[in-house]
Structures are given as structure tokens and as C-alpha cells.
Amino acid sequence: MSTYVVGDIQGCYLGLMALLEKLQFNPQKDKLYAVGDLIGRGPNALETLDFLYQLGDGFDTVLGNHDLHFLAVYHGIKKNNPKDGFEPLLRSSKTANFVEWLRHKPLAIQLNSETFLSHAGLYPYWNINEALGYSQEVEKALQSDSYIQLLRNMYHKNSVVFSSEMTAKDRFRFIIDAFTRMRYLCEDGTLEYTCKTSVKDAPKPLIPWFKHSRITSLEGVKLIFGHWASLEGTTSVSHCIALDTGYIWGGKLSAICLDTMQISSVSN
Ligand SMILES: [Mn+2]
């Protein structure tokens, strides 16, 4: 039995199939995790969700910003934009089932004492246990009757710092943003959501979250994340593993084998 974590699939079903074949993934024995953005922009959202859903207990994922956006589009909170690639999925009779399935996925997963998965990373001012607690708060809300309000609330202005005095709405929005959209922090620790470039092209005062001293000093824990294709799989922090290698943009789809820590990729 092997355990793999795959990067941002974004509806690229054929890429996923090619990668699983390269890994000789055995759905009867092996386990697959994803770092979120299962769909979004790519051509085969329906096939991708259908396949992953059918893996049953052999698959689990954290939610990415595109996955959450899909839920909002499904519920009519946001207009469908054809470039998201959701159309065949929105027309499928299976979709209500996939929506329920996604609604029960977390923002963060701790696989064992040393491996933590989330879509964008770990907000430097949270330790692992706090982060898991905040993920659970959102998970509960996603599964509650206030689910639609939670989705609608995602589209208000980003909150850039976390504090215990925030309103519930700001707090939920911050938790979702930190787990699914974070890339850079400003020198004062506030989150900066607009810069999406590689680290070498970023304006000087911005710090990638994984270079923050609270993250570089975290020992014995591997933080595995996706979301940030312009990193091209490189963080230069050995315990921070970037798996979004931009397949959807003509790059690669990558997965790490947690037993060997070997990364395998296929090109688009
Ligand atoms: Mn993303």
C-alpha cells in the first residue's frame, strides 16, 4: 500500500489518469489525497469528480478556492463563467451528489503527526492544532443550515489579519482565505492577496508564507500545499512542499509518494 498526495488537478482528468498510470496507482490498495482545486478552468470537471468520488475511502481532499467557488456557482450565488469549465458538471444529474460530497471535505488534514495538507498553506501565526481547529469551524458551518450564507460571505472584501475580536463573518472569511488563497504576507504580518508571482519577481517587502520565521522554524512537520503554480514546485524550505506545478497552464501535474517522499510528474 502506498500513499500519494496529488497537486491541483483543476479538471484535467487526462493528466490525472496519466499521472496515476505512471505511479502504478492501485485503487484497491493505495490511498490518494489531493491538495484541493480538483476542478476549475480545466476541460473535464465532471469526469474528474466522478473518478475521485468513485475511489471511495481510497481518496480524500482538502478544499481549494476553485472547489468552494464551484459550490457558490452551483447554488446561484455567483454566475457561471464558462472559463471555469463547470458547465457539463452543472448539467449533470450526478452533481447534487458531488456538491454534498465536497461540502463534507475539510480545509486542512493532518495525515499523521508529521504531515499537514491544505490548499494554500499554513498561516504563520497559527500552530497546527489551532489551524485544525479553525478548519473544523468552517467544516461545521459548511455542513450546517447556514451553509449558503457562508458561501455568500466568501465574496466580501478579504480580511488581512486574524484576531479574536473579529465578527463571525470576518473570522470565517479569513479562515477560508488563509487556507485557500494565501501566498504572501506583508512585513507587518497582514496577508496580501493580489501578488501571484514567483518569489523572485515579488515586490521586496512581501514574504511568502513559507519563508516566515514561524514556518521555517517548525521542525518535524511537512506542510504540503498547492495553489501557487508560479512557484513551479520550489519553496527552498525543505519541509514546505509545493505540489501545484501548473498543469492547467501547460506545466506539470505532480504527486508525492509519502512513503518515499519522491515526487513524480507528467507534462501537459
Ligand atoms: Mn487555488
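Residues numbered from 1 in each chain as written. Predicted model: local features only at pLDDT ≥ 70, side-chain atom pairs only at ≥ 80, totals over all residues. Heavy atoms only, no water.

S.K.: Even after reading the chapter, I still don't get the sheet that holds strand β7 (residues 191-192), so can you show me in this structure?
M.R.: By definition, the strands of a sheet pair up through backbone hydrogen bonds, in either a parallel or an antiparallel sense. What the three strands build is an open sheet, ordered β7-β6-β8; its pairing is antiparallel. Two strands close off the open sheet at either side, each with one partner strand: β7 and β8 (207-208). The sheet contact formed by strand β6 (residues 184-185) and β8 spans two bridges and is antiparallel. Across the sheet, Tyr184 pairs through a bridge with Pro208, a residue of β8. (Pairing = 2+ DSSP bridges. Helix = DSSP H or I, 4+ residues; strand = E, 2+ residues; numbered from the N terminus.)

S.K.: Please explain the layout of surface pockets as it appears in this structure.
M.R.: Rolled over the atoms, a probe with the dimensions of a water molecule shows which regions are left empty. By volume, the largest pocket amounts to about 620 Å³. Examining the composition of the lining of the largest pocket, we find that four residues originate from one element, helix α3 (residues 65-74), more than from any other. Residue composition of the lining of the largest pocket, grouped by class: eight nonpolar, 10 polar and 11 charged. (1 Å grid on protein atoms, 1.4 Å probe; cavity = no way out; pocket = protein on both sides within 12 Å on 5 of 7 lines; lining within 4 Å. Points joined across faces, edges and corners; volume = space filled by probe spheres on them. Nonpolar A, V, L, I, M, F, W, Y, C, P; charged D, E, K, R; others polar.)

S.K.: What is the right way to look at the sheet that holds strand β5 (residues 115-118) in this model?
M.R.: The strand order β4-β5-β9-β10 describes an open sheet built from four strands, whose pairing is mixed. Edge positions in the sheet fall to β4 (108-112) and β10 (240-242), since each of these pairs with one other strand and no more. Each adjacent strand pair in this sheet contributes to an overall mean axis angle of 20 degrees, direction not counted. As paired elements, strand β9 (residues 222-225) and β10 share three bridges and run parallel to each other. Paired with Leu223 across the two strands is Cys240, which belongs to β10. (Axes fitted to C-alpha atoms, helices over the stretch in contact; angles between N-to-C directions.)

S.K.: Help me understand the nonpolar core, please; the structure alone is not making it clear to me.
M.R.: One broad trend across soluble globular proteins is that nonpolar side chains are buried collectively. Counting residues in each nonpolar core, the largest one holds 81 residues, and the members touching the most others are Leu38, Phe116, Trp126 and Trp209. If one sorts the elements of this core by residue count, helix α6 (residues 128-142) sits on top with seven residues. When sequence neighbours within four positions are dropped, the list of residues in contact with Leu38 reads Ile9, Gln10, Gly11, Thr48, Leu49, Leu52, Phe59, Thr61, Asp67, Trp101 and Leu102. Counting 11 residues, the second largest nonpolar core, distinct from the first, contains Tyr33, Ile109, Leu117 and Leu243. (Core = buried A, V, L, I, M, F, W, Y, C linked by side-chain atoms within 4.5 Å. Buried < 20%, exposed > 50% of the residue type's maximum accessible area, 1.4 Å probe, protein only. Contact = heavy atoms within 4.5 Å.)

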